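# Breakdown of the fold
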Amino acid sequence: MLQLKTVTPQFADFDKVSALYHSAFPENERRPLEEMFTFLSGGGEFLALYDGETFCGFVCLLSWQDITHILSTGITVRTGVSIGLDMDMEEIRQRYPHSRLIADIELETAGAPNNTERRQRKHFYQKSGYRSSEVQYRWREESYEIIVSGGDFDKADFRSFWNAFGVSKGVFSKA
């Protein structure tokens with residue numbers, strides 16, 4: 001079972017978290033980590049994942065009412081993606097047993113250079129009990145869909161969730 005440790009800018013392995021964050025996400029999908037901590041102070045957690053003493057990834061979560069949004073997850077390659085993510089999903093479910101867990105994944109798009117990865121990512125989440133919701137949106141020149149575990153999730157939930165954090169629906173456009 002993975003151990004979860006809270007990440008702050010003073011976190012001992014912050015350099016490892018930062019390096020993985022920057023290598024795991026394209027520039028258009030990242031925001032400065034310093035901004036993430038400020039944003040998460042309204043109801044989120046940034047957690048490092050450890051197998052014993054070995055850093056193996058991170059997960060960034062934002063919660064409001066009964067919704068916990070998995071904003072980003074990064075797993076080190078040497079840990080093994082499926083092993084690390086399987087444990088990660090189990091830990092999150094245990095940490096938030098009464099929440100609808102949601103995550104956004106890139107839409108499968110014919111011709112996308114990483115379409116195989118997109119398909120694999122969706123399959124992984126489906127194996128972990130997630131299913132597609134009706135919510136699709138566009139952000140920073142990329143199309144996403146929301147997947148959900150533990151209940152239903154619709155466009156009104158999506159708007160309410162982000163409005164609670166002062167993010168207007170105008171930031172997102174229809175996919």
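Residues numbered from 1 in each chain as written. Predicted model: local features only at pLDDT ≥ 70, side-chain atom pairs only at ≥ 80, totals over all residues. Heavy atoms only, no water.

### Quick look at the overall build of the protein chain
- Per the secondary structure count, the protein chain includes five helices and seven strands.
- Looking at the 175 residues of the protein chain, the share that counts as buried comes to 48%.
- Of the roughly 9,200 Å² of accessible surface on the protein chain, 49% is carried by carbon and sulfur atoms. (Helix = DSSP H or I, 4+ residues; strand = E, 2+ residues; numbered from the N terminus. Buried < 20%, exposed > 50% of the residue type's maximum accessible area, 1.4 Å probe, protein only. Areas by Shrake-Rupley, 256 points an atom, 1.4 Å probe, with all protein chains shown as cover.)

### Focus: the pattern of salt bridges
- All told, the structure shown has 10 salt bridges when counted by the stated rule.
- Between Arg-95 and Glu-45 there is a salt bridge, and its shortest N-O distance comes to 2.7 Å. Of this pair, Arg-95 sits in helix α3 (residues 81–95) while Glu-45 sits in strand β2 (residues 44–51), and the two are 50 residues apart along the sequence.
- Residue class for Arg-95 comes out partly exposed when judged on its relative accessible area of 37%.
- Several salt bridges share partner residues, and in doing so they unite Glu-106, Arg-118, Arg-121 and Glu-142 into one network. (Salt bridge = Lys/Arg side-chain N within 4 Å of Asp/Glu carboxyl O.)

### What about the packing of helix α1 (residues 14–24) against helix α2 (residues 33–40)?
- Taken N-terminus to C-terminus, the directions of α1 and α2 make an angle of 105°; their axes are 11 Å apart at the nearest point. Judged by the inter-axis angle, α1 sits roughly perpendicular to α2. In this structure, α1 contributes Phe-14, Ser-18 and Tyr-21 to the contact, and α2 contributes Leu-33, Met-36 and Phe-37.
- A class-by-class count of the residues in the contact of α1 with α2 yields five nonpolar, one polar and no charged. (Axes fitted to C-alpha atoms, helices over the stretch in contact; angles between N-to-C directions. Parallel < 35°, antiparallel > 145°, perpendicular 65-115°, else oblique. Contact = heavy atoms within 4.5 Å. Nonpolar A, V, L, I, M, F, W, Y, C, P; charged D, E, K, R; others polar.)

### Considerations on the confidence of the model for the protein chain
- Overall, the predicted model of the protein chain reaches an average pLDDT of 85, with 88% of residues at or above 70.
- Note on residues 79–84: pLDDT is under 50 here. Beyond four places in sequence and across chains, it has six contacts. (pLDDT = per-residue confidence, 0-100.)

### Description of the environment of Phe-58
- In this fold, Phe-58 is placed in strand β3 (residues 54–64).
- When the C-alpha positions of Phe-58 and Leu-20 are compared, they lie 8.4 Å apart, and in sequence the two are 38 residues distant.
- If sequence neighbours within four positions are ignored, Phe-58 has contacts with Val-17, Leu-20, Tyr-21, Phe-25, Phe-46, Leu-47, Ala-48, Leu-49, Ser-72, Thr-73 and Gly-74.

### Quick look at the sheet that holds β3
- Pairing in this open sheet of seven strands is mixed, and the strands run β1-β2-β3-β4-β5-β7-β6 from one edge to the other. What marks the edges here is a single partner per strand, and that holds for β1 (3–6) and β6 (131–139). For this sheet, the mean angle separating the axes of adjacent strands, direction not counted, is 30°.
- With six bridges connecting them, β6 and strand β7 (residues 142–149) associate as antiparallel partners. When the sheet's bridge partners are listed, Ser-132 is paired in β7 with Ile-147.
- With respect to the sheet, α1 is in contact with β2, β3 and β4 (67–75), its orientation differing from that of β3 by roughly 75°.
- Packed onto the sheet, α2 meets β2, β3 and β4 and runs at close to 120° relative to β2. (Pairing = 2+ DSSP bridges.)

### Considering the packing of aromatic side chains
- Applying the stated rule across the entire model yields 16 aromatic pairs.
- Ring geometry for Tyr-21 against Phe-25: centres 5.6 Å apart, planes inclined by 45°, an arrangement best described as tilted.
- Residue Tyr-21 is classed as buried on the basis of its relative accessible area of 2%.
- Accessibility expressed as a relative area gives 16% for Phe-25, which makes it buried.
- Where Phe-25 meets Phe-58, the ring centres are 6.5 Å apart and the plane angle is 45°; that geometry is what we call tilted. A residue pair is termed long-range when its members are at least 10 positions apart, and Phe-25 in the loop between α1 and α2 and Phe-58 in strand β3 qualify at 33 residues. Note on accessibility: Phe-25 and Phe-58 belong to one class, buried.
- Members of the aromatic cluster, joined through ring pairs, are Phe-14, Tyr-21, Phe-25, Phe-37, Phe-46 and Phe-58.
- Over the aromatic face of Tyr-50 sits the side chain of Lys-5, whose NZ or CZ is 4.2 Å from the ring centroid. (Phe/Tyr/Trp six-rings, centres within 6.5 Å; stacked < 30°, edge-to-face > 60°. Lys NZ or Arg CZ within 6 Å of the ring centre and 35° of its normal.)

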